[in-house]
Amino acid sequence: MNTESNIANSEVTDPGYKPAAMSATQPFVWSVRRELWENRSIYFAPLIAGSVIIFGSLITAYRLPRLRMNALALEPTRMRAAIEAPYDIAAMMIMFTAFIVAVFYCLDALHGERRDRSILFWKSLPVSDFTAVLSKAFIPLVILPLFTFAVIIATQFMMLLISTVALLPSGLAGSTWNLLPWFQLSVILLYGIVTMALWHAPVFAWLLLVSGWARRATFLWALLPWLAVAAIEKIAFNTAYFAQMLGRRVGGSFEEAFVVTTYPKGSHYPLVDRLTQLDPLKFLSSPGLWIGLVVAAGFFVAAVRLRRSRGPL
Amino acid sequence: MACIEARGLRKAYGTTVALDGINLRVEEGRILGLIGPNGAGKSTALNAILGITPFEGQLRVLGRDPWAERDLLMRDVCFIADVAVLPRWMRVSQALDYVAGVHPRFDRAKAEGFLSRTEIKRTSKVRQLSKGMVAQLHLALVMAIDARLLVLDEPTLGLDILYRKQFYDTLLNDYFDRSRTIVVTTHQVEEIQNVLTDLMFINHGRIMLECSMEEFEARYVEVMVNPDRFAAAQMLGPIYERQLFGRSILLFDNVDRQQLAALGDVRTPSIADLFVAVMGPSPEVRGQRFATAKQSFGESKAGGAASAQGSGEPRKS
């Protein structure tokens, strides 16, 4: 014990001991990593959603030859829509899962560490509150969208393989590869995910703010003020502009970012499968985007200030 | 340069005053024990020092404003808030990775060395460790950081005797050298009596007593008075009296030791005894006497002189 302690002491006072050089981004990178350690649902949930979809495609594969025969008999637009539909639905299901994960992640991000008092540990380390909150905002805005994209591509590829194998006996396998614009759909998906993340930025920033502010019931605090305003508007003026604005904020990025004109007959969902339908100029010139980003920045700054001043619950 | 320097440090939560304008100076290389009852303002003072809570007044820690520069300050300051703040989901290896990732002064090999003396497995999660092991882990992380100030807020709360003893032994043997400063709050004052170099009592947001341990030993004397000398002892103005095995034990502040030795068995009191004498709402110390004792401590602190006026009058009961 004594010799050990002497060694330890000599290390402490050793003038040759230099602190490890550390780049400015290192605390941020490790903070993001720490978020992924703690919140494994960030990658498990999209993976599980993808697996469920692949499993579903496997057990419904026996119906594929008949469905494909029917689809090939349709007029071209509806045929495209019919062939692409399962892939679009898979993408939407995984994106929806990721959105739910992001919502609950944000609501817990600044609340959980106060609840379990671990904020006192995090604050004992040389990581600024700005870096800490930025790393938490980084998850729903960057990490989760990119991961979701990768999972969707992998899932769709598996579906493609399953469909090829299922259609081989009937000799229709080639039709998928001929008619499914795989590359275009992937680019559209990436663009759609990035624009959606930007469009949702104020939503996530608001959720982070509430999680840093509320003592309990973060979900209710996040939702009720907005519903209350919408309800008051409805009662007072019998209008629903505010509710419509909320709806556009949650689900409207698609219309802001794409040219949506082609509605296949008998469908409520627009068909988006051409790169010409990408409209970044319209998206970037949309006031909704920029107002949203400014509001998000405001919420973010408020969340950083709350992280700084709020102690454990 | 003082490690911690506060002037008029004040903090109020609504109408509750947690810190009532305290002045504080802690030099480098000291081990200061901050002792006080629950709600006395200890943790508030520490939180202000650590940049966790905003405050009024002036406060410099290692030359920095803690509230404005917490992240920079934390390169040179470590703290253990209490045993339960390590995130429960974290694995031991992740804790090492993370601290190594964000802290420029963390020596991972050293932390591994400390851990190898324990039974803590690298793959365990914090939630799987016993309370004592969590404290060991936290201490290993903190001791591997080459910091100038270590702040411990009830670091051994809820630990069993073995872990508590080991905690302070490790701290003294393997961590403390004359260039570091340690500030510790605890209710288990007996354990740290021989660890401290300085002592501070705090209550109602004010410093009630402030002295080095040398001063403490020179100033305070406890006498187990022989029954026949009791009246004579009373004349010397004890600040506190208690009964043990049917004999009176009197506590004196700044009374000549030779003189006291004639009255009975003389010894240095424990911090706990002095604490009770200064702060305690005890049946032995009531009303006017308690107030004057408190006042005398307040004055001796403020003036730096060891005056004991007011406690010179004989006990009335």
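What you see is a predicted model, and the numbers here were worked out from it, not measured in a lab.

## Considerations on the overall build of chain B
Here is step 1: When you go through chain B residue by residue, the secondary structure sums to 12 helices and 13 strands.
Here is step 2: The proportion of buried residues among the 317 residues of chain B is 47%.
Here is step 3: Relative to all contacts within chain B whose residues are 6 or more apart in sequence, the contacts with residues 24 or more apart total 68%.

## Some thoughts on the overall build of chain A
Here is step 1: In terms of regular secondary structure, chain A is built from 15 helices and zero strands.
Here is step 2: For chain A, the C-alpha radius of gyration of 25 Å lies well beyond 20 Å, the compact-globule estimate for 313 residues.
Here is step 3: Over its C-alpha atoms, taken along the principal directions, chain A stretches across nearly 85 × 60 × 35 Å.
Here is step 4: Residue burial in chain A is summarised as follows: out of 313 residues, 35% are buried.
Here is step 5: Sequence separation of at least 24 residues holds for 82% of the intrachain contacts in chain A that already meet a minimum separation of 6.

## Re the sheet that holds strand β4 (residues 56-61) of chain B
All names here are of chain B.
Here is step 1: Within the open sheet, the three strands sit side by side as β2-β1-β4. Their pairing is antiparallel. Pairing within the sheet leaves two strands with one partner each, and these edge strands are β2 (16-26) and β4. Between one strand axis and the next, the sheet turns by 25° as a mean value, whatever way the strands run.
Here is step 2: Pairing of strand β1 (residues 4-13) with β2, which is carried by eight bridges, proceeds in the antiparallel orientation.

## Quick word on unusual backbone geometry
Here is step 1: One non-glycine residue with positive phi stands out, namely R117(A), at about 65°.
Here is step 2: Here R117(A) is to be found in the loop between α6 (112-115) and α7 (119-122).
Here is step 3: The phi dihedral of E154(B) is positive, around 50°, even though this residue is not glycine.
Here is step 4: Along the polypeptide, E154(B) turns up in the loop between β6 (149-153) and α6 (161-175).
Here is step 5: Take E154(B): there are 18 C-beta atoms within 10 Å of it, and that puts it in the partly exposed class.

## So, the domain arrangement of chain B
A common way to express how large an interface is: the accessible area buried when the components associate.
Residue and element names in this part refer to chain B.
Here is step 1: The domain architecture assigned to chain B consists of domain 1 (4-204) and domain 2 (217-303).
Here is step 2: The partner domain 2 presents six residues to the eight residues of domain 1 that form the contact.
Here is step 3: Of all elements in the fold, only α7 (189-192) and β8 (198-203) reach the threshold of two or more residues within the side of domain 1 that touches domain 2.
Here is step 4: In terms of residues, the side of domain 1 that touches domain 2 owes the most to one element, β8, which gives three residues.

## So, the interface of chain A and chain B
Here is step 1: Facing the 28 residues of chain A at the interface are 31 residues of chain B.
Here is step 2: At the level of elements, α1 (2-13), α2 (26-38) and α7 of chain A are the ones that each hand at least two residues to the side of chain A that touches chain B.
Here is step 3: Grouping the constituent residues of the side of chain A that touches chain B by class yields 13 nonpolar, nine polar and six charged.

## Overview of the nonpolar core
Here is step 1: Membership of the largest hydrophobic core comes to 162 residues, with the highest contact counts inside it found for F204(A), A205(A), L208(A), A303(A), V77(B) and V151(B).
Here is step 2: Here this core spans two domains, since at least three of its residues come from each of domain 1 (4-204) and domain 2 (217-303) of chain B.
Here is step 3: When sequence neighbours within four positions are dropped, the list of residues in contact with A205(A) reads A137(A), A296(A), F299(A), F300(A) and A303(A).

## Notes on the packing of helix α8 (residues 129-167) of chain A against helix α10 (residues 182-213) of chain A
Residue and element names in this part refer to chain A.
Here is step 1: Where α8 contacts α10, the two axes come as close as 10 Å, and the packing angle between them is 155°. Taken together, the axis directions place α8 and α10 in an arrangement best described as roughly antiparallel. In the packing of α8 onto α10, the handedness of the crossing is right-handed. Here V133, K136, A137, P140, L141, P145, T148, F149, I152 and I153 of α8 come into contact with α10, specifically with S186, L189, L190, I193, V194, A197, A201, F204, A205 and L208.

## A short note on α8(A)
Here is step 1: Compared with the 57 Å implied by 1.5 Å per residue over 39 residues, the 55 Å span of α8(A) between its first and last C-alpha is a close match.
Here is step 2: Along α8(A), the sharpest kink reaches roughly 45°, centred on I139(A) and followed within four residues by the proline P140(A).

## Things to note about the packing of helix α5 (residues 131-143) of chain B against α6(B)
Residue and element names in this part refer to chain B.
Here is step 1: Packing of α5 against α6 brings their axes to within 11 Å, and their N-to-C directions diverge by 10°. Taken together, α5 and α6 sit at an angle that is classed as roughly parallel. Together, G132, A135, L139 and M143 of α5 and Y163, F167, T170, D174 and Y175 of α6 make up the contact between the two elements.
Here is step 2: Broken down by class, the residue content of the contact of α5 with α6 amounts to six nonpolar, two polar and one charged.

## Things to note about the sheet that holds strand β10 (residues 220-225) of chain B
Residues and elements named next belong to chain B.
Here is step 1: Spatially, β11-β12-β10-β13 is the arrangement adopted by the four strands of the open sheet, whose pairing is antiparallel. On the outer flanks of this sheet lie β11 (240-244) and β13 (264-267), each paired with one strand and no other. Across this sheet, the average inter-strand angle for adjacent strands is 25°, counted without regard to direction.
Here is step 2: Relative to strand β12 (residues 247-253), β10 runs antiparallel, the two sharing five bridges. Bridge pairing in β12 links M224 to I249.

## Digging into the environment of A111(B)
Residues and elements named next belong to chain B.
Here is step 1: By secondary structure assignment, the location of A111 is in helix α4 (residues 108-116).
Here is step 2: You can call A111 buried: it has 23 C-beta atoms within 10 Å.
Here is step 3: Between the C-alpha atom of A111 and that of L141, which follows or precedes it by 30 residues, the distance is 5.7 Å.

## Some details on the pairing of strand β5 (residues 77-80) of chain B
Within a regular beta strand, the side chains point alternately toward one face of the sheet and then the other, so they alternate between its two faces.
Residue and element names in this part refer to chain B.
Here is step 1: Taking every second residue as pointing to the same face, both faces of β5 are buried, with V77 and F79 on one and C78 and I80 on the other.
Here is step 2: The sheet contact formed by β5 and β6 spans four bridges and is parallel. When the sheet's bridge partners are listed, F79 is paired in β6 with V151.

The rules behind these values
Along each chain, residue indices are assigned from 1 in the same order as the chain's sequence is written. Here every chain gets a letter starting at A, and every ligand a number starting at 1, in the order they are written. Given that the model is predicted, a residue must reach a pLDDT of at least 70 before its local features are reported, and side-chain atom pairs must reach 80 or more before they are shown or counted; all residues, however, enter totals for whole chains, interfaces and linings. Only DSSP runs of H or I with at least four residues qualify as helices, and only runs of E with at least two residues qualify as strands; both kinds are numbered from the N terminus onward. Buried residues are those with 20 or more other C-beta atoms within 10 Å of their own C-beta, exposed residues have 12 or fewer, and partly exposed residues lie in between; C-beta atoms are placed from the backbone. Any two residues are considered in contact once their C-beta atoms, placed from the backbone, lie within 7 Å. The atom set for the radius of gyration is the C-alpha atoms, and the globule formula is 2.2 Å times the number of residues raised to the power 0.38. Pairing between strands requires that DSSP locate at least two bridges from one strand to the other. Orientation is described by axes fitted as lines to C-alpha atoms, over the contacting stretch for helices, and by angles from 0 to 180 degrees between their N-to-C directions. Note that domain bounds follow an automatic or database assignment of domains. Classes in brief: Ala, Val, Leu, Ile, Met, Phe, Trp, Tyr, Cys and Pro nonpolar; Asp, Glu, Lys and Arg charged; the others, Gly included, polar. For our purposes the nonpolar core covers buried Ala, Val, Leu, Ile, Met, Phe, Trp, Tyr and Cys residues that link as a set through C-beta atoms within 7 Å. The cut-offs work like this: below 35 degrees is roughly parallel, past 145 is roughly antiparallel, 65 to 115 is roughly perpendicular, and the gaps in between are oblique. Take the far helix as your reference; a near helix turned counterclockwise from it by less than a right angle gives a left-handed crossing, and one turned clockwise gives a right-handed crossing. By this rule, a helix spans an expected 1.5 Å times one less than how many residues it contains. Two axes enter the bend calculation: one fitted to the seven residues ending at the residue in question, the other to the seven starting there, and the bend is the angle between them.

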